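# Chains, contacts and geometry: an overview
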Amino acid sequence: MLKAGKSARRAVFPCTTTGLVLAQGLARWNTPNISRLQLFLPLAHSYHDSAEYGHFQTPQMPSQKYSAEELANRQHNANLVMLADAYRRYGHLSSNLDPLGIQKPGLIEELSARMYGLKDESTQYNIDGIVTPSSKLPPNSSLSSIIEVLQRTYCRNISYEFDHITSLAIRKWFAEYVESMDASPTPPRYERFHELLAKTEVIETFLQKKLPNVKRYGLEGSESIVVLIDQIIYEGAQLGISDVVAGLTHRGRVSILSTLFNYPKDELLRKITGGSEFADDSPHTGDIILDVPKLTTIQYSDIDSPVNVEVMWNACHLESGMPVSMGKSRTKDIGISRSKMDPDYIIGDNVLSVSLHGDSGFAGQGIVAESLSMSGLAHFTNGGTIHIINNNQVGYTTPPSHTRTTRYASDIAKFADIPVIHVNGEHPEEVARAARIAVAYRQRFRKDVIIDMWSFRKRGHNEMDEPSFTQPTMYKIINARKSIPTQFEDKLISKGLLSKNKADTVRQEWLNSLNEAYIASAECRPAGPEQSHVWKLLSRSGSRPIEKTTGVDENTLYQTGVDSVKQSENIKVHPRIERFHIKPRLKRLQDGQGIDWATAEAMAFGTLLREGYNIRLSGQDVGRGTFSHRHAMFVCQESEQMYVPLNHMEDCKQQQTQQGKLEVVNSNLCEEAVVGFEYGVSTEDPFTLAIWEAQFGDFYNNSQAIVDGYIASGETKWGQQSGLVMLLPHGSCRIERHLMLSNDPVDGRTHSHPLPNIYVTYPTTPAQFFHLLRRQVKRNFRKPLIVAGPKTLLRLSSASSSLSEMGPGTQFRPVLDDSTISDPQMIKRVIIMSGKLYYDLAKIKDEHMLGEHVAIVRVEEISPFPREELYQTISQYTNASDFVWVQEEPRNAGSYSFVAPRIKGLLPAHAELRYIGRGEHAATCSGVEAQQTAEHLQLTSEAFSGLRGLVADMVINNINTQHSQAPARASLPLDKPSATMIPASAHHRWSSRPVYAAAQSSEQ
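Numbering of residues begins from 1 in every chain and follows the order in which that chain's sequence is written. Given that the model is predicted, a residue must reach a pLDDT of at least 70 before its local features are reported, and side-chain atom pairs must reach 80 or more before they are shown or counted; all residues, however, enter totals for whole chains, interfaces and linings. Hydrogens and water are ignored here; the side-chain numbers use all heavy atoms of the structure.

### Details of the overall build of the protein
Regarding its fold elements, the protein presents 30 helices and 26 strands. Partly exposed describes any residue whose relative accessible area lies between the buried limit of under 20% and the exposed limit of over 50%, with all areas from a 1.4 Å probe on protein chains only and scaled to the type maximum. When the 1004 residues of the protein are sorted by exposure, 59% land in the buried category. For the area figures, the Shrake-Rupley method with a 1.4 Å probe applies, and any residue is considered shielded solely by the protein chains shown. Here the protein displays about 39,300 Å² of accessible surface, and carbon together with sulfur accounts for 51% of that area. Put simply, DSSP H or I for four residues or longer makes a helix, DSSP E for two residues or longer makes a strand, and each gets a number counted from the N terminus.

If you want it as structure tokens, here you go:
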């Protein structure tokens, strides 16, 4: 296997032996390489966190110096050095990249030998240290031979940009590699290229004739993409790659799936003609043909082992799949290394990520820059992605001059020191050369690389488009030329590398199989969603589950809490952390009371780690916590060494149990790409608790495309479960947006919606949060969890829990009743609410003279809506006549619009649900503190106004009842039943009325 030298930060995975135990990954600091490494780290400051789990630094190149002889020769032939460097820097400007010939190669003055005083082309030069020798360029060569090789290398149908890379070692390697390449593809590979190209052309023609009105976003004009992807996989397999994660775009997906990735043709045609990719009785809706995924294998005749390929789902939004593929490929690679128990593992050894892009999307979408920015970060690197830009030179109808300010679509990548290979898609053999270079670079340096393949679109943006409306010149050229597969076929036949009979046979056999598949498509019955082996360990949830307890032995809780703040002997902790974090936590644990949010979280993490689960906590500043509450990592005040206490629980070591690991990921300052990455992690490894925390709640807004297209709808469309947790510190987390994405039925009937797609919660106690986190991985299925987290509650003394609330037999409760109620018959008003506002209302109730007549009920899990639990709670208040929903968000925000129709279905006949809160507002809140405070006082006061009248009614009713008189005011009229229904199992005064179906538990 090709290794990139010794990494200064190498990951080592010890043996995994039992159950859910996921092996540890510790990056070791190689001290002899510290001084060498400093030369190549561009950062002025960084944590010394290489000893912590999940830290995978890409291999660093040692300093590449010229020998004394090479330096002397370069000084003696300085003019030739300048000419060679000019070709490396500017050769791409004089290259033949456009298959349509519209953009002509430039005449670049810097490529003229005379500009450097080199006039006699017959002069012999020693090229040692200047140009790399090859079979066509001996160590002593004439100037004309040198120029010819440089011209052929840098100015033909393939060219490169690598001079912007800051590392001399990488620039030197790249130049030497491309200048020394002599080998052309072997005849079997040429036959493979022809087969793929011919099949691509045949299926495109077939679909255009059979289904001319279907938008398939064909590959005509870009057929060489299939050759490019195949050659990348082939080269990777030769270097030890066992798995490929392929992120495809809309364009060409149908052709690539059918010709390269073995998607069953009958199922594909069933999908194109309007059928589903799933069985007819599947609960999954499926996705458009342009987004469907595929698991497959490719076996090459000259390579022993097959390559596993996972074609990723696509959520339509341009480039959104890029970070998802990155997260999935990294997690898959780490998982394979665990199974191999490879002590010399380097990130990217097993899995190669290939990502396909459009030219305008790559240049225009911000998520591209976000993803490239994090591609080299230690907790995000996947060992390098090979990015392919299918550059068809127009964005829908817009020319490049109007879609970017740069020359190339790939120019955005230069800020990340990523090399670019430009290639003319009209020449499949050069495309294969680009693949070979890209894979070699990626395997050597474990960094991203870009292949910018220039092509065109034969039929415009889609098959029903008329492209000549806006590109008349371009399409005159396109319509007058032969196809790329036909040109390549003719070329091979003329060179004697392929017979005409063989070429015709390939096309005819493929066409026959397509015709047979078209007939069979009407009767084919696809299976369910494809699953990897690890997901088969879990089940698919059908209806709302019966939750198991998630409590833990109190001694274990105590020890875990202590371990969460235990210091290493080599770490000097900041004195304020010692005073305000460590000592108070130990005191609370000793008392068993007053457990705060951060301690409950640490105990949830630690107990899961003890059970063998891994945890990945990602987001901006998550190690310390935005509000300086978590301190999951300690940073030594002298060495800045990073230390994660929960990764070093002593009793686990003493008992020789394999504990999981907590990966603390202080992410770069972006949201969309990071959330997409974490979603990819969660879909690959269901036994790692993947958590993304927003720095502030509204920061998630930038990731809305990922939430919509993947998190909320991924299982519905693709059958792909995800256990991703999103922690959104509330105040402005726009909880209403998540609730709008919920498929929870308003009427409570679950037969048409058997799968709740997301869980949206707003816990108000540390114990509830503890149980939520543990429940997320203790279930036998996975669902995304949205947690509207606290800010003010983090240190609020009344918002604390006891160890017993997290002890054996306890679990998360979707609804919390008012624990202060001694006599439910005394209650006249039921306040139903969610979130931290509870503590303000509880304080007012405690101080109010009529507070004993008010019950405050907290809805902790808003979606799926807890009908049964809420009904069982409020129906005990049989004398209640006033039901109100109170929230601090504006009326058009928060949970009110979601919960109101669901709560109304649980109330007795003619009972109304009143709203108390702010009015409609365009912003999440007022920016004027005085106004915000006044509004808050008003809504909390209103929640307790009018109690005198309600209590008076109750007194009058009691008196009238005692005297057998008709009540003056019926608390709840009995004459007309509600249109909704209540569970038949309830035995309260609701039970004398018709049963409410809407409140029925989905278990029944």
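Moving on from the coordinates now.
### Some remarks on the side chain of Q208
Summarising the element assignment, Q208 is placed in helix α6 (residues 187-210). The exposure class assigned to Q208 is buried, which follows from its relative accessible area of 17%. Contact partners of Q208, with chain neighbours within four places excluded, come to R216, R459 and E463. Two residues qualify as a contact provided that any one of their heavy atoms is within 4.5 Å of a heavy atom in the partner residue.

### Overview of the confidence of the model for the protein
You can read pLDDT as the predictor saying how much it trusts each residue, on a scale of 0 to 100. Per-residue confidence for the protein gives a mean pLDDT of 87; residues scoring 70 or more make up 88%. Counting interchain partners and residues more than four positions distant, the pLDDT-below-50 stretch residues 1-45 has 118 contacts. Across residues 991-1004 the pLDDT falls below 50, and counting only partners more than four positions away or on other chains, this stretch makes 51 contacts in the model.

### Looking at the pattern of salt bridges
Criterion for a salt bridge: a side-chain nitrogen of Lys or Arg within 4 Å of a carboxyl oxygen of Asp or Glu. On inspection of all chains with the given rule, the structure shows 50 salt bridges. Across the salt bridge formed by K778 and E611, the nearest N and O atoms sit 2.7 Å from each other. Of the two residues, K778 sits in helix α25 (residues 766-778) while E611 sits in the loop between α19 (597-610) and β13 (614-619), which places them 167 residues apart along the sequence. One salt bridge in this structure joins E861 and R775, with 2.8 Å as the shortest N-O distance. Of this pair, E861 sits in strand β24 (residues 861-863) while R775 sits in helix α25, placing them 86 residues apart in sequence.

### Description of the pairing of strand β11 (residues 420-424)
Taken across its five residues, β11 has five buried, putting it largely inside the fold. A two-sided burial pattern is seen for β11, the buried positions comprising V420, H422 and N424 on one face and I421 and V423 on the other. Two strands make a pair as long as DSSP finds a minimum of two bridges between them. In this structure, strand β5 (residues 158-161) lies alongside β11, joined through four bridges in antiparallel fashion. Within the sheet, the bridge partner assigned to S159 lies in β11 and is H422. Pairing of β11 with strand β12 (residues 449-454) involves five bridges; the strand directions are parallel. Residue pairing in the sheet places V420 in a bridge with I450 of β12. Whether a crossover is right-handed depends on one test, that the path from the first strand over the helix to the second runs clockwise when the strands point away from the viewer. For the segment spanning β11, helix α13 (residues 428-445) and β12, crossover handedness is right-handed.

### A look at unusual backbone geometry
Between S863 and P864 the backbone carries a cis peptide bond, its omega angle lying at 0 degrees. One can find P864 in the loop between β24 and α27 (867-874). The phi torsion at Q393 lies on the positive side, around 70 degrees, for a residue other than glycine. Located in the positive-phi region is H631, a residue other than glycine, with phi close to 50 degrees. Tracing the chain through its elements places H631 in the loop between β13 and β14 (634-635).

### A word on the nonpolar core
Counting 92 residues, the largest nonpolar core has I232, I256, F261 and I421 as its most contacted members. I421 has contacts with I158, S159, Y160, F174, A434, I437, A438, V449, I450, I451 and D452, leaving out every residue within four places of it along the chain. In this text, buried Ala, Val, Leu, Ile, Met, Phe, Trp, Tyr and Cys residues form a nonpolar core when linked through side-chain atoms within 4.5 Å. Counting 69 residues, the second largest nonpolar core, distinct from the first, contains L646, V725, I856 and L950.

### Some details on the sheet that holds β12
Reading across from one edge, β5-β11-β12-β10-β9-β6-β8-β7 is the order of the eight strands in this open sheet, with mixed pairing throughout. Both outer strands of the open sheet, β5 and β7 (294-298), are each paired with one neighbouring strand and no more. Across the sheet, the mean angle separating the axes of adjacent strands is 20 degrees when strand polarity is ignored. Structural elements are reduced to axes, namely lines fitted to C-alpha atoms, with helices fitted over the stretch in contact, and the angle between N-to-C directions of any two is expressed from 0 to 180 degrees. Sheet strands touched by α13: β5, β9 (351-358), β10 (385-391), β11 and β12. Its angle to β11, the strand with the most contacts, is close to 170 degrees.

### Some details on the sheet that holds strand β25 (residues 882-890)
If you trace the five strands from one edge of the open sheet to the other, you get β21-β23-β22-β25-β26, paired in mixed fashion. If you trace the sheet from one side to the other, it starts and ends with β21 (815-816) and β26 (913-918), each paired once. Pairing geometry for β21 and strand β23 (residues 854-859), over two bridges, is antiparallel. Each residue of the ladder has a partner; that of V815, found in β23, is V859. In this fold helix α26 (residues 837-847) packs onto β22 (829-833), β23 and β25, with an angle of close to 170 degrees to the strand it touches most, β23.

### Some points on the pairing of strand β18 (residues 725-729)
Within β18, five of the five residues are buried, which leaves it mostly tucked inside the rest of the structure. Of the two faces of β18, the one lined by V725, L727 and P729 and the one lined by M726 and L728 are each fully buried. Here β18 runs beside strand β20 (residues 785-789); their pairing, made up of five bridges, is parallel. Across the sheet, P729 pairs through a bridge with G789, a residue of β20.

### Regarding empty space enclosed by the protein
The method works on a 1 Å grid over the protein atoms by themselves. A cavity is a set of points holding a 1.4 Å probe that cannot get out, a pocket is an open set with protein on both sides within 12 Å along at least five of seven lines, and residues with an atom within 4 Å of a point line them. Grid points are joined across faces, edges and corners, and a volume is the space filled by probe spheres set on the points. Inspection of every chain in the model, using the stated rule, returns ten cavities of 30 Å³ or more. Taken as a whole, the second largest cavity holds about 140 Å³ of empty space. Tallied by class, the residues present in the lining of the second largest cavity amount to four nonpolar, three polar and five charged. Basically, the charged four are Asp, Glu, Lys and Arg, the nonpolar ten are Ala, Val, Leu, Ile, Met, Phe, Trp, Tyr, Cys and Pro, and anything else, Gly included, counts as polar.

### A look at the packing of helix α15 (residues 484-494) against helix α16 (residues 500-520)
Axis separation between α15 and α16 bottoms out at 10 Å; the angle between their running directions is 150 degrees. When the axes of α15 and α16 are compared, the pair comes out roughly antiparallel. Contacts between α15 and α16 involve P485, T486, E489 and I493 on the former and, on the latter, K500, A503 and R507. Any angle from 65 to 115 degrees is called roughly perpendicular, while one under 35 is roughly parallel, one over 145 is roughly antiparallel, and all others are oblique.

### Topic: the packing of aromatic side chains
Stacked, edge-to-face and tilted labels apply to pairs of Phe, Tyr and Trp rings (six-membered ring for Trp) whose centres lie within 6.5 Å, assigned for plane angles under 30 degrees, over 60, and everything in between, in that order. In the structure shown here, the tally under the stated rule is 24 aromatic pairs. Aromatic pair F56 and Y345: ring centres 6.0 Å apart, planes at 85 degrees, arrangement edge-to-face. Of the two residues, F56 sits in the loop between α1 (34-38) and α2 (68-76) while Y345 sits in the loop between α10 (321-340) and β9, which places them 289 residues apart along the sequence. When the ring of Y441 is compared with that of F445, the centres are 5.0 Å apart and the planes differ by 45 degrees; the resulting orientation is tilted. Here Y441 and its partner F445 are both found in helix α13, four residues apart, which amounts to about one turn of the helix. Residue class for F445 comes out buried when judged on its relative accessible area of 1%. Within the aromatic cluster, the residues linked to one another by ring pairs are Y154, Y160, F162, W173, F174, Y177, Y441 and F445. Any Lys NZ or Arg CZ found within 6 Å of a ring centre and within 35 degrees of that ring's normal is scored as a charge over the ring. Of note, R189 hangs over the ring of Y234, and the distance from its end group to the ring centre comes to 4.0 Å. The cationic tip of R779 hangs over the ring face of Y759; the distance from NZ or CZ to the ring centre is 4.3 Å.

### So, helix α18 (residues 575-591)
Every helix has an expected span of 1.5 Å times one less than the residues it contains. Here α18 is 17 residues long and its end C-alpha atoms lie 23 Å apart, about the 24 Å a rise of 1.5 Å per residue gives. Regarding α18, the residues found buried are I577, H581, I582, R585 and L589. Close packing links the buried residues of α18 with α17 (554-563), α19 and β14.

### Notes on the environment of V394
When you line up the elements, V394 lands in the loop between β10 and β11. Judged by relative accessible area, V394 falls into the buried class, the value being 3%. For V394 and R457, which are 63 residues apart along the polypeptide, the C-alpha to C-alpha distance reads 8.6 Å. Filtering out sequence-adjacent residues up to four positions away, V394 remains in contact with D359, S360, P399, R457 and Q471.

### Concerning the environment of R858
Secondary-structure assignment places R858 in strand β23. Among the residues examined, R858 registers a relative accessible area of 7% and is labelled buried. Between the alpha carbons of R858 and K836 there is a distance of 9.7 Å; along the sequence they are 22 residues apart. Apart from the residues within four sequence positions on either side, R858 is in contact with T764, T765, P814, V815, L816, D817, M833, Y838 and Y839.

### Regarding the environment of L137
Here L137 is to be found in the loop between β3 (124-126) and β4 (140-142). Residue L137 is classed as buried on the basis of its relative accessible area, which comes to 0%. Along the chain, L137 and E148 lie eleven residues apart, while their C-alpha atoms are 9.5 Å from each other. Not counting the four nearest positions on each side in its chain, L137 is found in contact with I127, V131, T132, S145, I146 and V149.

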